[in-house]
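# Geometric and topological summary
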Amino acid sequence: MTASHLLVPVPIPDRIAALIGSCTPAHVLQAEFEADCAAREVRRFRGPRLGIEDQADREQALSELAWANKVLSAHHPHLAVRRDGAW
């Protein structure tokens, strides 16, 4: 039995990643990319005092993250991206 905290992440070669990507529908790959970008944007707008424009940008990024996660979760429930970066 292995403990998850003892597992070491291993990089995936580009050819293997391309093979995995070719088996995934294009709209799911696009949603994964957009979810990752939106999660980064949400993390960028942290802080107790955000201006009105920053709040609007954060809400837009949250909306894009929710849309992309809806597509990802429809394909597989464990693909959803969280705004804190956890999978």
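Parameters and conventions
Residues numbered from 1 in each chain as written. Predicted model: local features only at pLDDT ≥ 70, side-chain atom pairs only at ≥ 80, totals over all residues. Heavy atoms only, no water. Axes fitted to C-alpha atoms, helices over the stretch in contact; angles between N-to-C directions. Helix = DSSP H or I, 4+ residues; strand = E, 2+ residues; numbered from the N terminus. Left-handed = near helix turned anticlockwise from the far one by under 90°. Contact = heavy atoms within 4.5 Å. Nonpolar A, V, L, I, M, F, W, Y, C, P; charged D, E, K, R; others polar. Patch = residues over 30% accessible without salt bridge, like charges linked within 9 Å, V, L, I, M, F, W, Y side chains within 5 Å. Areas by Shrake-Rupley, 256 points an atom, 1.4 Å probe, with all protein chains shown as cover. Salt bridge = Lys/Arg side-chain N within 4 Å of Asp/Glu carboxyl O. Buried < 20%, exposed > 50% of the residue type's maximum accessible area, 1.4 Å probe, protein only. Expected span 1.5 Å × (residues − 1). Arc of directions from axis to C-beta.

## Thoughts on the packing of helix α2 (residues 26-44) against helix α3 (residues 52-75)
At a minimum axis distance of 8 Å, the contact between α2 and α3 shows a crossing angle of 150°. The interaxial crossing formed by α2 with α3 has left-handed handedness. Across the interface between the two elements, His 27, Val 28, Ala 31, Glu 32, Glu 34, Ala 35, Ala 38, Ala 39, Glu 41 and Val 42 from α2 touch Arg 58, Ala 61, Leu 62, Glu 64, Leu 65, Trp 67, Ala 68, Asn 69, Val 71, Leu 72 and His 75 from α3. Class assignment for the residues of the contact of α2 with α3 results in 13 nonpolar, 3 polar and 5 charged.

## So, a nonpolar patch on the surface
A cluster of nonpolar side chains, namely Ile 12, Ile 16 and Ile 20, defines an oily patch on the protein surface of about 280 Å² accessible area. Judged by its relative accessible area of 51%, Ile 12 is exposed.

## Let's talk about α2
With 19 residues, α2 ought to run about 27 Å at 1.5 Å a step, and its terminal C-alpha atoms sit 27 Å apart, in line with that. Among the residues of α2, those classed as buried are Val 28, Ala 31, Ala 35, Ala 38, Ala 39 and Val 42. Taken end-on, α2 shows its buried residues confined to a sector of 105°, consistent with a single buried face. Turned more than 90 degrees away from the buried face of α2, the exposed residues are Ala 26, Phe 33 and Arg 44. As for α2, its buried residues are in contact with α3.

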